[in-house]
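Summary of structural features
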Amino acid sequence: MRWLVAFLTIGLGAQGFELAVELTPEHVHNGETLKIAVHGAARKARLDRRTVELFLQEDGSRFGLMPIPVLEKPDMYRLELLSENGTIVDSRPIRVENAHYPKQNIVISRKIASLKPSPGEQETVGAFRKTVSPVRYWREPFEPPVPGCLTSLFGVGRLHNGRPTGDYHAGVDQRGAAGTPIHPIAAGVVKIVQKWNLRGGTVAVDHGQGIESIYLHMERFAAKEGEHVTTSDVLGYVGSTGRSTGPHVHWSLYVNGVPVNPGQWMKLEACPAAPKRHRRKAK
Ligand SMILES: [Zn+2]
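Since the structure is predicted, the reported quantities are computational estimates derived from the model, not experimental observations.

Cut-offs and rules
Residues numbered from 1 in each chain as written. Predicted model: local features only at pLDDT ≥ 70, side-chain atom pairs only at ≥ 80, totals over all residues. Heavy atoms only, no water. Helix = DSSP H or I, 4+ residues; strand = E, 2+ residues; numbered from the N terminus. Rg over C-alpha atoms; globule rule 2.2 N^0.38 Å. Buried < 20%, exposed > 50% of the residue type's maximum accessible area, 1.4 Å probe, protein only. Lys, Arg positive; Asp, Glu negative; His and termini not counted. Charge placed at Lys NZ, Arg CZ, Asp CG, Glu CD. Disulfide = S-S within 2.5 Å. pLDDT = per-residue confidence, 0-100. Contact = heavy atoms within 4.5 Å. Pairing = 2+ DSSP bridges. Phe/Tyr/Trp six-rings, centres within 6.5 Å; stacked < 30°, edge-to-face > 60°. Lys NZ or Arg CZ within 6 Å of the ring centre and 35° of its normal. Core = buried A, V, L, I, M, F, W, Y, C linked by side-chain atoms within 4.5 Å. Domains from an automatic or database assignment. Arc of directions from axis to C-beta.

Per the secondary structure count, the protein includes two helices and 24 strands. For 283 residues, the compact-globule formula gives about 19 Å, and the C-alpha radius of gyration of the protein, at 19 Å, lands near that figure. Here the protein, with 283 residues, has 50% of them falling under the buried criterion. Across the protein, the centroid of the 36 positively charged side chains sits 11 Å from that of the 27 negatively charged ones.

As structure tokens, this is what we get:
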């Protein structure tokens, strides 16, 4: 999905501060990210009880990212910009439009279905997603971690062997032969390098100021925790470890801890429709 042309509004906020606010895209859907650029006194932004930081940029402006969760109800909301002490300095209506994510049935064996997370697996990923670090390493455009097409799209409602799971695909599955190098989508710091039961060989990268990415099912690693990486570095290699039925990379983009559609940030092509009996990847 392409960013729509930005619109710029200049006005007096509730407290009489002059604010210039730029929001992109103009039409935001559930599962996407609202980019907020501000010149003026705003320090945080709030939408439907979620508050995000607006970070100081090199040009003196503030910039922050409001994730709209996949499960957010398409509706009218208010975006509120807050000062240092929490006063609302600007408020404007935001319509969250329905992305209409499809549903997908996954055929998985009992052995794969019964896999349990490793001790600490869920907690480590949970703590990683909660972290928002102030230094910005990322810049656009982001790059796909491998060249392959998408075998499963973001946001798809998941059924396992015909049974609804109540969950959705929180990342994308990208085709790649075993051993294909996996690159980070942007510069950042490697925070997780782990072999886990569910996710298999996992590497997670903090790109700063609310952007994080995680890559699963690797057969081996090329990066170490704490390492600074750029898009030319290799994190690890495509495998089929953990809850996976064939070599591929499942990866997720988190914005302030919320999985969002990476297709908004880079060009990703869906693979030509697979035959019905083809077993899709499970994670
Ligand atoms: Zn996946």
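What follows picks up the thread again.
Further remarks concern the state of the cysteines. One pass over the full model with this rule turns up one disulfide. Note that C149 is cross-linked by a disulfide to C271, the S-S spacing being 1.9 Å. Where C149 bonds to C271 through sulfur, the torsion about that S-S bond is close to 95 degrees, and the disulfide is right-handed. One end of the pair, C149, is in the loop between helix 2 (121-130) and strand 12 (150-152); the other, C271, is in the segment after strand 24 (258-260), and 122 residues separate them in sequence. A relative accessible area of 12% places C271 in the buried class.

On to the confidence of the model for the protein, then. When pLDDT is low, close inspection of the predicted coordinates is not appropriate. Here the protein averages 91 in pLDDT, while 90% of its residues score no lower than 70. Taken as a whole, residues 1-8 scores under 50 in pLDDT and shows 25 contacts with residues more than four places along the chain or in a different chain.

Here we take up the pairing of strand 23 (residues 248-255). With eight of eight residues buried, strand 23 is to be regarded as a mostly interior element. Covered by surrounding structure in strand 23 are H248, H250, S252 and Y254 together with V249, W251, L253 and V255, the residues of both alternating faces. The pairing of strand 15 (residues 172-175) with strand 23 spans four bridges and is antiparallel. Along strand 23, the bridge assignment pairs D173 with H250. In this sheet, strand 23 lies alongside strand 19 (residues 211-218) in antiparallel orientation, the contact comprising five bridges. Following the sheet pairing, I211 is matched in strand 23 by V255. In this antiparallel pair of consecutive strands, strand 23 and strand 24, the connection spans two residues, and N256 shows a positive phi of 45 degrees.

Take the packing of aromatic side chains next. With the rule as written, the count across this model stands at eight aromatic pairs. Ring geometry for Y101 against F154: centres 6.0 Å apart, planes inclined by 80 degrees, an arrangement best described as edge-to-face. A residue pair is termed long-range when its members are at least 10 positions apart, and Y101 in the loop between strand 10 (88-97) and strand 11 (103-106) and F154 in the loop between strand 12 and strand 13 (157-160) qualify at 53 residues. Grouping aromatic residues by their ring pairs yields a cluster made of F63, W138, F142 and W265. Just above the ring of W138 sits the side chain of R136; from NZ or CZ to the centre is 3.7 Å. Lying across the ring of Y237, R220 places its NZ or CZ 4.2 Å from the centre.

This part takes up the environment of N161. Turning to its location among the elements, N161 is positioned in the loop between strand 13 and strand 14 (163-168). Residue contacts for N161: discarding those within four places in its chain leaves N105, I106, V107 and I108.

A separate point is the environment of P67. In this fold, P67 is placed in strand 8 (residues 62-67). Judged by relative accessible area, P67 falls into the buried class, the value being 2%. P67 has contacts with E32, T33, R50, V52, V255, N256, V258 and V260, leaving out every residue within four places of it along the chain.

This paragraph deals with the nonpolar core. Core analysis: the largest hydrophobic core is formed by 33 residues, its most contacted members being F142, Y215, L235, W251 and W265. At the level of secondary structure, the elements contributing two or more residues to this core comprise strand 8, strand 17 (188-196), strand 18 (200-208), strand 19, strand 23 and strand 24. In terms of residue count, strand 23 provides more of this core than any other element does, four residues in total. Looking at this core, you find at least three residues from each of domain 1 (7-97) and domain 2 (103-264). Among the nonpolar cores identified, the runner-up in size contains 20 residues, and L23, V28, L81 and V89 belong to it.

Right, let's get into helix 2. Here helix 2 has its buried residues at E121, V125 and F128. On an axial view of helix 2, the arc spanned by its buried residues comes to 60 degrees, and they lie on one face. Turned more than 90 degrees away from the buried face of helix 2 sit E123 and K130, all of them exposed.

Ordered in space as 3-10-9-5-6, the five strands form an open sheet in which the pairing is mixed. Each edge of the open sheet carries a strand with a single partner, namely strand 3 (28-29) and strand 6 (50-53).

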